Amino acid sequence: MINVVETASKARSPSKVAALHANSTTGLILENRPNHLPSKPKQEELKHRQQYLQMLENAKRKAAKEVAIKEKLTEEKYDREEILRQSGKKWIEEIIPNWQNMRHSSTVQQIWWQGIPPNIRGKIWKLALDFRLDISADLYKVLVEKTDEKFKELALNEPQLDSQSDSPLIQIKLDISRTFPNLGMFQVGGPYHASLFEILGAYTQFKPTVGYIQGMSFLAAVFLLNMEPLTAFACFANLLEKPCQKSFYEMKTTKMQAYYQTFDGLFYKNLPKLFNHFTINNVTPDMYLCNWIYTLYSHSLPLDVTCRIWDIVFRDGDIFIFRTALGILSLYKSKLMDMKSIQIAKFLTKLPDDVDSDLLFDAINDIRVTKNRYNSMLLQHFENFNCK
Amino acid sequence: MDEVHTTKVVLLGRTGSGKTSLIVRYISSVFSENVKPTIGAAFSKKTVQLIHGEERKQVVLAIWDTAGDERYESMAPLYYRNSSAAIICFDLADRQSYNKVDFWVKELVEKVEQNCKLYICGTKTDLLAEYGGPLKRAVGPTEVMAYAKKLNAKFVETSSKSNYGIDDLFKLVAADFAGFTLCEAPPIEDSLRLQEPNQTDVNEKSSCCF
């Protein structure tokens, strides 16, 4: 009789983990046949013994394979951390002090492509965003105070604060708890709940014509995870001045169409087969690219991958938003070719959680779009739509 | 082999009215207090089996979830075009959420060319005092019923938290699309069931069960 018995792993030192892992997680133990049962014919017993050994062998092989994969991933992660540690030193000691001279050099561009180390990410983002809007600490303080006053007024006037008002501040309150809900950072009682409200509230005072639009909470949240509130606000406000984000957040519908058509042109050029597949299935950019642009991928990709994309969006500008989109489509090309309309749209607005950022960046790297081409296409579409 | 039909269903309604939660409950059978706001649109698909005597049909529901933020309204036509059914959601405890229903009804009636069936869905019954929750109804059921009747729309009530009425709502949508009649009334308060509109506006005499 064969019983499957779970035994606890007793690994002590990491070097022995692999060896123990294969034997100890799911052990198959061959027990003697209970006495009250008639004994098996010899031949059958032999056959069962062989089957048992075979099963054991298969289980071992499978476990060993899994361990090897895990080890490789750990190794890669370690390598990546090592690269980031090395480049962190370079960023701090060489690049940041000579920012204007070095930022465009090929070595820096290359290091940049590999991803900015998380501990200095905020600093580089701020430098790379080339602030057009200068936001002082005093200005921010005033904006936050104004927000607080407005919010207190609301609380006084409307006893049923929950969802009874059209004020953007109420909407912000509602959305903050729904921003990266899995992180637990922005929900009531979370460490960044108050600062996220402050940033978004301050923006409604800073730019009342734009106010608050859903999607903003994700952008501001990603900044807030990488820097302190004042800088996060300045970065957020300046990001919304970039041409693509500005067109979308100001709801310039004809400009949005021009961006979609530019994207379609690049899509056709780079991935013609997939483009045709999308056309046949009536999948259009407004179904998925819209979400990617509004939240700069933070709504549909894991946070670490999002941050790596933002690194290069701030290096290269809007063009990288479109290269990333094409990179995603290219990475999942064969999967997408097997899907039909609604499945495609569903897949693209909720991308797999385990997307490998290195593979994605390899795919993006293969997408050929020059700045000239992008700019001239966009300009052409703007002219066609009579905007600007 | 069953006959297979595909139909597009769009969800509209004010932000926070529970559109995404409704779909998540229907598709994944779970409820979460904090779902991300929908930016642009989100998509799901589910197949409903309909059996009617000897006749069997499969209806594939292509469900389009939309952003509730009013600022995104200019984009809405991109998402509701070609829908054969629209579920307009409102939070039963929020008057403003209900007020938005009429906006979407008018928008659809004016701008959608093909026949688009309307469903008005009051959400979050679990929050209402009559179901043991903390809040009062913001709008009386008779008012909604009268409004729905005028539009030839159907009114249902749901709770994504306690999984109330959701499967039935989508079954109703699928059955209407396939021209089937349900033998069970869709979820609605007992007092209202007698005048439930779908029993009167469908000609078919026979009914079917799931």
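Quantities reported herein were computed from a predicted structural model and do not represent experimental measurements.

Definitions and limits used
Residues numbered from 1 in each chain as written. Chains lettered and ligands numbered in written order. Predicted model: local features only at pLDDT ≥ 70, side-chain atom pairs only at ≥ 80, totals over all residues. Heavy atoms only, no water. Contact = heavy atoms within 4.5 Å. Buried area = accessible area lost by both parts, 1.4 Å probe. Polar contact = N/O pair within 3.5 Å; in protein donor to acceptor, adjacent residues only side chain to side chain. Helix = DSSP H or I, 4+ residues; strand = E, 2+ residues; numbered from the N terminus. Nonpolar A, V, L, I, M, F, W, Y, C, P; charged D, E, K, R; others polar. Axes fitted to C-alpha atoms, helices over the stretch in contact; angles between N-to-C directions. Parallel < 35°, antiparallel > 145°, perpendicular 65-115°, else oblique. Pairing = 2+ DSSP bridges. Salt bridge = Lys/Arg side-chain N within 4 Å of Asp/Glu carboxyl O. Buried < 20%, exposed > 50% of the residue type's maximum accessible area, 1.4 Å probe, protein only. Domains from an automatic or database assignment. Left-handed = near helix turned anticlockwise from the far one by under 90°. Phe/Tyr/Trp six-rings, centres within 6.5 Å; stacked < 30°, edge-to-face > 60°.

Engineer: Please clarify how the interface of chain B and chain A should be interpreted in this entry.
Structural biologist: With 32 residues of chain B at the contact, the number on the chain A side is 35 residues. Carbon and sulfur atoms supply 54% of the area buried between chain B and chain A, which totals about 2800 Å² over both sides. A per-residue breakdown of the area chain B buries against chain A is headed by Ile 39, Phe 43 and Arg 71 of chain B, which together make up 24% of the total. Linking chain B with chain A are 10 residue pairs in polar contact (both at pLDDT 80 or more), by the criterion used here. Those elements that provide at least two residues to the side of chain B that touches chain A are strand S2 (41-52), strand S3 (55-66), helix H2 (76-80) and helix H3 (95-111) of chain B. Counting residues per element, the side of chain B that touches chain A draws most heavily on S2 of chain B, which supplies 5 residues. Residue composition of the side of chain B that touches chain A, by class: 14 nonpolar, 9 polar and 9 charged.

Engineer: I'm lost on the packing of helix H12 (residues 253-270) of chain A against helix H13 (residues 272-280) of chain A in this one. Help?
Structural biologist: Residue and element names in this part refer to chain A. Packing of H12 against H13 brings their axes to within 5 Å, and their N-to-C directions diverge by 125°. When the interaxial angle is binned, H12 and H13 end up oblique. Along the contact surface, H12 presents Asp 264, Phe 267, Tyr 268, Lys 269 and Asn 270, while H13 presents Pro 272, Leu 274, Phe 275 and Phe 278. Here the residues of the contact of H12 with H13 sort into 6 nonpolar, 1 polar and 2 charged.

Engineer: Quick question: what am I supposed to make of the sheet that holds strand S5 (residues 117-123) of chain B here?
Structural biologist: Hydrogen bonding along the main chain pairs the strands of a sheet, whether they run parallel or antiparallel. Here 6 strands make up an open sheet; going across it, the order is S2-S3-S1-S4-S5-S6 (chain B) and the pairing mixed. Sheet topology places S2 and strand S6 (154-157) of chain B at the edges, where each strand pairs with a single neighbour. The mean inter-strand angle of the sheet, taken between neighbouring strand axes irrespective of direction, is 25°. Summarising the sheet, strand S1 (residues 3-13) of chain B and strand S4 (residues 85-91) of chain B pair through 5 bridges and their orientation is parallel. Opposite Gly 13 of chain B, over in S4 of chain B, you have Cys 89 of chain B as the bridge partner. Across the sheet, helix H18 (residues 341-349) of chain A is in contact with S2 and S3 of chain B; its angle to S2 of chain B comes to roughly 140°.

Engineer: Looking at this structure, how should I read the pattern of salt bridges?
Structural biologist: Note on pairing: side chains with opposite charge can pair once their charged atoms come close. Summed over the entire model, instances satisfying the criterion amount to 25 salt bridges over all chains. Put simply, Asp 311 of chain A and Arg 121 of chain A hold a salt bridge, and the shortest N to O gap is 2.8 Å. Here Arg 121 of chain A lies in helix H5 (residues 118-128) and Asp 311 of chain A lies in helix H15 (residues 303-316), a separation of 190 residues in the sequence. Given a relative accessible area of 0%, Asp 311 of chain A falls into the buried group. For Glu 55 of chain B, the salt bridge is made with Lys 57 of chain B, and the minimal N-O distance between the two is 3.6 Å. Of the residues examined, Glu 55 of chain B reaches a relative accessible area of 34% and is grouped as partly exposed. Taken together, the shared-partner salt bridges connect Lys 207, Glu 241, Lys 246, Glu 250 and Lys 252 of chain A into one network.

Engineer: Even after reading the chapter, I still don't get the domain arrangement of chain A, so can you show me in this structure?
Structural biologist: Note: interface size is frequently given as the accessible area lost on complex formation between the parts. All names here are of chain A. Partitioning chain A into structural domains gives domain 1 (137-241) and domain 2 (245-384). Relative placement of domain 1 and domain 2: their C-alpha centres are 28 Å apart. Contact residues are listed per partner, giving 17 residues for domain 1 and 14 residues for domain 2. Each partner contributes to the roughly 1300 Å² buried at the junction of domain 1 and domain 2, and carbon and sulfur atoms together form 79% of this total. Of all residues in domain 1, the largest losses of buried area upon contact with domain 2 belong to Leu 219, Val 222 and Leu 239, amounting jointly to 32% of the total for that side. At the surface where domain 1 touches domain 2, the tally comes to 1 salt bridge. Measuring nitrogen to oxygen at the nearest pair gives 3.4 Å for the salt bridge that ties Glu 241 to Lys 246. Linking domain 1 with domain 2 are 2 residue pairs in polar contact (both at pLDDT 80 or more), by the criterion used here.

Engineer: Help me understand the packing of helix H8 (residues 193-206) of chain A against helix H9 (residues 216-226) of chain A, please; the structure alone is not making it clear to me.
Structural biologist: For any two helices packed against each other, the geometry is given by the interaxial angle and the distance between the axes. Residues and elements named next belong to chain A. The geometry of H8 relative to H9 is characterised by a closest axis approach of 10 Å and an angle of 125° between their N-to-C directions. Classified by the interaxial angle, the pair formed by H8 and H9 is oblique. You can see that H8 and H9 cross each other, and the crossing is right-handed. Contacts between H8 and H9 involve Ser 195, Leu 196, Ile 199, Leu 200 and Tyr 203 from the first element and Met 216, Ser 217, Ala 220, Ala 221 and Leu 224 from the second. Its residues assigned to classes, the contact of H8 with H9 comprises 8 nonpolar, 2 polar and no charged.

Engineer: Sorry, what's going on with the packing of aromatic side chains here?
Structural biologist: Each aromatic ring pair is summarised here by two numbers: the centre-to-centre distance and the angle between the ring planes. Residues and elements named next belong to chain A. Going through the model one piece at a time under the given rule, you end up with 45 aromatic pairs over all chains. Seen in terms of ring centroids, Phe 223 and Phe 314 are 6.0 Å apart; in terms of plane orientation they differ by 10°. Their pairing is stacked. Residue Phe 223 is found in helix H9, and its partner Phe 314 is found in helix H15; the two are separated by 91 residues along the sequence. Judged on exposure class, the residue Phe 223 and its partner Phe 314 are both buried.

Engineer: I tried to follow unusual backbone geometry on my own but got confused; where do I start?
Structural biologist: Backbone geometry follows two general trends: most residues other than glycine have a negative phi, and most peptide bonds adopt the trans configuration. Residue and element names in this part refer to chain A. A positive phi angle, close to 45°, is found at Leu 296, a residue other than glycine. Mapped onto the secondary structure, Leu 296 falls in the loop between helix H14 (285-295) and H15. A positive phi angle, close to 75°, is found at Tyr 297, a residue other than glycine. Along the chain, Tyr 297 falls in the loop between H14 and H15.

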